[in-house]
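# Remarks on the overall topology
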Amino acid sequence: MSALRKAWTALCPKPGWQWARRGVQAAAIALLFLLPVLARYNNYLASRELDGVMERWQDRSQGQILAATDQALRATGSEEQVFEGNPRRNREELQERLARYRGSVWSVEIAGVSMTDPLAVAESASASKQLRWVLFVGLLLPLGITLILGRVFCSWVCPMNTLLELTDKLRGVLKFLELPPHNLRFWRGNKFLLLGMGILAALLFSVPLLGYFYPPAIFGREIHNWVNVFFDRAEAGAPGISWLGGLSIASGFVLGVMVLEVFVSERLWCRYLCPGGALYCLLGKFRTVRVRRDVAKCTDCADCITVCGMGLNPMRDVTGIECDNCALCITYCEPRALSFRFDLFDPRPQGPGQGLPKVPAAPVPEPKAVEVPERAKAVAS
Amino acid sequence: MKRREFLRNALTLGASCAAGGALMGRAGSHVAAGTFLRPPGALNEDDFLSTCIRCGRCGDACPNRCITTFTRDVGKDFSLAPGPGEEGTPVIFPRRQACMLCQGVPGEYLRCTDACPTGALQKISKEYESLQKHVEMGIAEVDHQICHSYNGATCGVCGRACPFPGKALKIGLYERPTVNPDYCIGCGLCERSCIKYPQAIRIVPRHKQFESQGGTLAGLLKTLLSGTA
């Protein structure tokens, strides 16, 4: 139990914002796996024999997952009719409910609310050179959130970011083993350049290319693929679980980025290369929620610089458009000098922190009056 | 040699080996594109490729799971590989699973067209008139050399699978099928049901008929990439 608690504190050292953030990240990853499972369930319900499938796969994890899904969906649904003494599935209602959950982080529909990544919209619109209203229905919510809260998709939802935060822990392990990994730094404008090139390519060649190496899109496709391979194995009667059939070039790309991040450059992808992150940066330029520093409390300890995933410098008020409001610096700030404030503009640099206790200057001893002996006075006079 | 130097060298070597292997694997196995269908309501092939964001929502929505994401693994069974720009797009292989036009499924629209967030699949109602008017995935073609009914036996399975029996697919004397292109929308249920292998009745996809052979930059890119790949 204490080991579990230690692991938890290593992942999430202080309560507050980080609890909420880890929760949202976990939910996003859970949904990535859950939505394709729901699609499979819908398939068996709509056009196969669901009960037969579950019975045949009783001893397999595939069957157990389907059964759990079935129970959860039936428990949350409306009351079921009783047929020959047994409750019967409300097929129509179940299918209508399932139709409102589909997709991945690239483009998702949850409870009937459609959300599409702004990069997907930008690419689709520029490649087809047409503005379809369906696109903007999906864009509404992500765009609104980004305009108000900034680049929060990156820090709160993106599965790649979650994964890379974990690989950052590996860097810590390497440092502990006294094998300090390299930390090459590149020009941050690279990601904007990549975004511009991608949009230009979409305009010229009418093919959206950025989606092929934008991690949220890759994660959506790959995890759908894994889940499909997982269930196809049961359908083919092959024993065991194998996800290797679902590993493709795209998965290799993600793994390659992870390896580079561990050994070559800290947060290489998010800081210097991610085109989607670049678009979120630009959209979040006039965000209303920003990290603010209270100079009176700041002690210039530089903890915020160490924890910042984007490599920014909140200690000298340098956050700019790249801050993703992950609240790590706020959590780790010992004197609680950092906090979220509503503001449209970045603060002016406020200089060094004033929070250190004033050390009183060493008192200068007053020159003592030299006592002149009586006899000397007499001599002088 | 220092430990750090050794590690660095090993890493570089490993990375270059992996990259080389990946490239070799890619270059060796490119197969010429064959046929597949696009989901109902798809735009013209060029427009479709530029509008679709490869999100896979149509595949999630399909109650029959006939829509699959086009990857190398999926295409392998049909000796197909995704061409340039086709990786990740939704396709239907009617031999594996055909489109049942969402009949018997609740909802007013075809599920995949309802799910599409980009308009690459245009929203289409499930009504007969609307299906006839807007859906055109392809047109069935009967191979008289293979078909049982044209070779001394009687079969007629395809006519019973057709969603528009007597209109799109007429079963004549000796259960011989004839296709009426005015009514056939290319759902592929006949191809799926055909008892012969290779199938005597096959769907000729629409995107093959209307594929632009050049003139656009997309076409140029396509020919360039397929020439080098």
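A short tour of the structure in this document, coming up. Every chain is numbered independently, its residues counted from 1 as its sequence is written. The lettering of chains begins at A and the numbering of ligands begins at 1, in the order of writing. The predicted nature of this model means local features are confined to residues of pLDDT at least 70 and side-chain atom pairs, given and counted, to a pLDDT of 80 or more, with totals for whole chains, interfaces and linings taken over all residues. With hydrogens and water excluded, all non-hydrogen atoms of the structure serve as input to the side-chain values.

### Quick word on the overall build of chain A
Per the secondary structure count, chain A includes 17 helices and 7 strands. To sort residues, take the accessible area from a 1.4 Å probe on protein chains only and compare it with the maximum for the residue type: under 20% means buried, over 50% means exposed, and anything in between is partly exposed. Here chain A holds 381 residues, and 45% of them are scored as buried. When contacts within chain A are restricted to residue pairs at least 6 apart in sequence, those whose partners lie at least 24 apart make up 73%. Accessibility throughout is a Shrake-Rupley quantity obtained with a 1.4 Å probe, and a residue counts as covered only by protein chains that appear here. Surface exposure of chain A reaches about 20100 Å², of which carbon and sulfur atoms provide 67%. Secondary structure elements follow DSSP: runs of H or I no shorter than four residues count as helices, runs of E no shorter than two count as strands, and numbering proceeds from the N terminus. Whether two residues touch is decided by their heavy atoms; if any such pair falls within 4.5 Å, the residues are in contact.

### Structural notes on the pattern of salt bridges
We define a salt bridge as a contact between a side-chain nitrogen of Lys or Arg and a carboxyl oxygen of Asp or Glu at a distance within 4 Å. One pass over the full model with this rule turns up 27 salt bridges over all chains. Arg89 of chain A serves as the salt-bridge partner of Asp70 of chain A, at 2.9 Å between the closest nitrogen and oxygen. Of this pair, Asp70 of chain A sits in helix H4 (residues 61-76) while Arg89 of chain A sits in the loop between strand S2 (86-88) and helix H5 (91-98); the two residues are 19 residues apart in sequence, bridging distant segments of the chain. For Arg160 of chain B, the salt bridge goes to Glu175 of chain B, with nearest N and O atoms at 3.2 Å. Here Glu175 of chain B lies in the loop between strand S4 (169-171) and strand S5 (177-179) and Arg160 of chain B lies in helix H7 (residues 157-161), a separation of 15 residues in the sequence.

### Points about the interface of chain A and chain B
The interface is formed by 47 residues belonging to chain A together with 40 residues belonging to chain B. Using a 1.4 Å probe, buried area is obtained as the accessible area two parts lose upon being combined, added over both of them. Summing both partners gives a buried area of about 3600 Å² for chain A against chain B, and 52% of it is carried by carbon and sulfur. Together, Arg102, Arg132 and Tyr212 of chain A form the three largest contributors to the area buried by chain A at its contact with chain B, with a combined 16%. For the salt bridge of Arg57 of chain B with Glu109 of chain A, the shortest nitrogen-to-oxygen distance reads 3.0 Å. Of the residues forming the side of chain A that touches chain B, the biggest block, 8 residues, is contributed by helix H2 (residues 17-47) of chain A. Charged means Asp, Glu, Lys or Arg here, nonpolar means Ala, Val, Leu, Ile, Met, Phe, Trp, Tyr, Cys or Pro, and polar covers whatever is left, Gly included. Taken together, the residues of the side of chain A that touches chain B sort by class into 21 nonpolar, 15 polar and 11 charged.

### What to know about the environment of Cys99 of chain B
All names here are of chain B. The residue Cys99 is located in the loop between strand S2 (90-92) and helix H5 (111-115) in this model. Remark: the alpha-carbon pair of Cys99 and Ile67, spanning 32 residues in sequence, is separated by 8.1 Å. For Cys99, the residues in contact, after removing those within four places along its chain, are Pro40, Cys66, Ile92, Met137, Cys187 and Leu189.

### Some thoughts on the pairing of strand S6 (residues 201-205) of chain B
All names here are of chain B. Only one face of S6 is buried: it carries Ile201, Ile203 and Pro205, and the other face, with Arg202 and Val204, is open. Pairs of strands are assigned from DSSP output, requiring at least two bridges between the strands. The pairing of strand S3 (residues 138-142) with S6 spans 5 bridges and is antiparallel. Among the inter-strand pairings, Glu141 is bridged to a residue of S6, identified as Arg202.

### Observations regarding the packing of H2 of chain A against H5 of chain A
Between two packed helices, the angle of one axis relative to the other and the distance separating the axes together describe the packing. Residues and elements named next belong to chain A. Axis definition: a line fitted to C-alpha atoms, limited for helices to the stretch in contact. Angles are taken between N-to-C directions and run from 0 to 180 degrees. H5 packs onto H2 with a crossing angle of 150° between their chain directions and a minimal axis gap of 10 Å. The angle between the axes of H2 and H5 places the two elements in the roughly antiparallel class. Considering how the two elements wind past one another, H2 and H5 form a crossing that is left-handed. Contacts from Leu38, Tyr41, Asn42, Leu45 and Ala46 in H2 reach Arg91, Leu94, Gln95 and Leu98 in H5. Here the residues of the contact of H2 with H5 sort into 6 nonpolar, 2 polar and 1 charged. Any angle that falls under 35 degrees is termed roughly parallel, while one over 145 is termed roughly antiparallel, one within 65 to 115 roughly perpendicular, and all others oblique. Here a crossing is taken to be left-handed if its near helix is turned anticlockwise relative to the far helix by less than a right angle, and right-handed if that turn runs clockwise.

### Quick notes on helix H14 (residues 275-283) of chain A
All names here are of chain A. With respect to burial, H14 is a largely interior element, 7 of its 9 residues being buried. When we look at burial in H14, the residues that qualify are Pro275, Gly276, Gly277, Ala278, Leu279, Tyr280 and Cys281. If you follow the buried residues of H14, they end up packed against helix H6 (118-128), helix H7 (133-149), helix H8 (152-157), helix H10 (190-205) and helix H13 (268-273).

### Things to note about the packing of H6 of chain A against H7 of chain A
Residue and element names in this part refer to chain A. In contact at an axis separation of 9 Å, H6 and H7 are set at 150° when each is read in the N-to-C sense. Viewed along their axes, H6 and H7 adopt a mutual orientation that is roughly antiparallel. In terms of crossing hand, the pair formed by H6 and H7 is left-handed. Mapping the contact onto sequence places Pro118, Val121, Ser124 and Ala125 in H6 and Leu135, Leu139 and Pro142 in H7. Here the contact of H6 with H7 is built from residues that sort into 6 nonpolar, 1 polar and no charged.

Geometric descriptors of this kind do not, in isolation, establish any biological role.
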